[in-house]
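Read off the chains here:
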Amino acid sequence: MTPYSLAFYLDVITSGTVLDARPTDSPEQVSAVLGNDFAENSPDGRAMWRDYGMVEFFWQRESPDHPWVGHHFTLQVHRLSSLGGAAVNPVIRARYGRFARRLRHAKLERLLDRRGVRLEEVPDPNGPEYALHWQPDSRVSVLTRRTPRSGQGRRGSGERAGYVYAVHSSTSAEQVAFYRARYGGPRAGAVPPV
């Protein structure tokens, strides 16, 4: 993986933004940053998301008479394994360069540690197949495949053990507390992602 694409993930995890687009920004504010090359989905008029390739932003509103309120964004990192660079928004690619098909969690965590940024393990309802890590300052979480998925080809689904599946913001302290209460503390004896 090039240092530039790694810098993108580090920037997102430390800042809680995508090129300064915040999870609470309006659809217009996000498009001003990422451009108008997106697919829009709004099945009921009260929730909407825009798919900018690997990056998706989500909004909610009380009714069609109310404005959209930013809720969160997700980096669908697993899409890179099958789509490669085509999954990366052109604005992001122009700034950060080429993206590798997979992001190894251990490498990401080492680079974050060098910046003094720590990820906390959080029990996840998708465990033990997945591991969830949370950065409390930026409220960003990282979902990593913990166990291998059978039937993967060379370019498989991106769900190999030890690789990042998705990055998500905003994950609140309340949500983390709920996961810890519901699913237990960091699992005793859990094997960290490779």
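This one's a predicted model, so the numbers in the text were calculated from it and none came from an experiment. (Residues numbered from 1 in each chain as written. Predicted model: local features only at pLDDT ≥ 70, side-chain atom pairs only at ≥ 80, totals over all residues. Heavy atoms only, no water.)

K.L.:
Can you explain the overall build of the chain? Please cite residues and give values.
P.N.:
Scanning the chain for helices and strands turns up 6 helices and 8 strands. Going from N to C terminus, the chain has its helices and strands arranged as α-α-β-β-β-β-α-α-α-β-β-β-β-α. Expressed as a percentage of its 194 residues, the buried residues of the chain come to 47%. Contacts in the chain between residues at least 24 apart in sequence constitute 55% of all its contacts with a sequence separation of at least 6. When the accessible area of the chain is evaluated, it comes to approximately 9,700 Å², of which 50% is carbon and sulfur surface. (Helix = DSSP H or I, 4+ residues; strand = E, 2+ residues; numbered from the N terminus. Buried < 20%, exposed > 50% of the residue type's maximum accessible area, 1.4 Å probe, protein only. Contact = heavy atoms within 4.5 Å. Areas by Shrake-Rupley, 256 points an atom, 1.4 Å probe, with all protein chains shown as cover.)

K.L.:
Outline the nonpolar core, listing residues and values.
P.N.:
Membership of the largest hydrophobic core comes to 37 residues, with the highest contact counts inside it found for Phe-8, Tyr-9, Val-18 and Ile-92. Tallying contributions element by element places helix H1 (residues 3-15) first for this core, with 6 residues. Setting aside its immediate chain neighbours within four residues, Val-18 contacts Phe-8, Val-12, Val-33, Leu-34, Val-55, Phe-57, Phe-73, Leu-75 and Ile-92. With 9 residues, the next largest nonpolar core counts Tyr-130, Leu-132, Tyr-165 and Tyr-179 among its residues. (Core = buried A, V, L, I, M, F, W, Y, C linked by side-chain atoms within 4.5 Å.)

K.L.:
Tell me what's going on with unusual backbone geometry, and back it up with residues and numbers.
P.N.:
Looking along the chain, the bond that leaves Ser-169 and enters Ser-170 is cis, with omega of 5°. Phi at Arg-139 is positive, roughly 65°, even though this residue is not glycine. With respect to the helices and strands, the residue Arg-139 is situated in the loop between strand S6 (130-135) and strand S7 (140-145).

K.L.:
Can you explain the pairing of S6? Please cite residues and give values.
P.N.:
The buried count for S6 comes to 6 of 6 residues, which makes it a mostly enclosed element. Every second residue of S6 is oriented toward a common face, with Tyr-130, Leu-132 and Trp-134 on one face and Ala-131, His-133 and Gln-135 on the other, all of them buried. When strand S5 (residues 120-122) meets S6, the two strands line up antiparallel, connected through 3 bridges. Along S6, the bridge assignment pairs Val-122 with Leu-132. Of the strand pairs in this sheet, S6 and S7 are connected by 6 bridges, and their pairing is antiparallel. Residue pairing in the sheet places Trp-134 in a bridge with Ser-141 of S7. Between the end of S6 and the start of S7, which pair antiparallel, lie 4 residues, with Arg-139 showing a positive phi angle near 65°. (Pairing = 2+ DSSP bridges.)

K.L.:
Kindly report on the packing of aromatic side chains, identifying the contributing residues and their values.
P.N.:
Each aromatic ring pair is characterised by the separation of its centres together with the angle its planes make. Overall, the coordinates contain 11 aromatic pairs when judged by the stated rule. Judged by centre distance (5.6 Å) and plane angle (70°), the rings of Tyr-130 and Tyr-165 are edge-to-face. Placement of the pair is Tyr-130 in strand S6 and Tyr-165 in strand S8 (residues 164-169), with a sequence separation of 35 residues. One Lys or Arg, Arg-50, reaches over the ring of Trp-59 and ends 5.8 Å from the middle of that ring. Over the aromatic face of Tyr-130 sits the side chain of Arg-145, whose NZ or CZ is 4.8 Å from the ring centroid. (Phe/Tyr/Trp six-rings, centres within 6.5 Å; stacked < 30°, edge-to-face > 60°. Lys NZ or Arg CZ within 6 Å of the ring centre and 35° of its normal.)

K.L.:
Give me the lowdown on the pattern of salt bridges, citing residues and values where you can.
P.N.:
This structure, assessed with the given rule, holds 8 salt bridges. Put simply, Glu-121 and Arg-146 hold a salt bridge, and the shortest N to O gap is 3.0 Å. Here Glu-121, found in strand S5, pairs with Arg-146, found in the loop between S7 and S8; they are 25 residues apart in sequence, far enough to count as distant. When its relative accessible area of 23% is taken as the criterion, Glu-121 is described as partly exposed. A relative accessible area of 14% means that Arg-146 is categorised as buried. The network of salt bridges with common partners includes Asp-51, Glu-56 and Arg-79. (Salt bridge = Lys/Arg side-chain N within 4 Å of Asp/Glu carboxyl O.)

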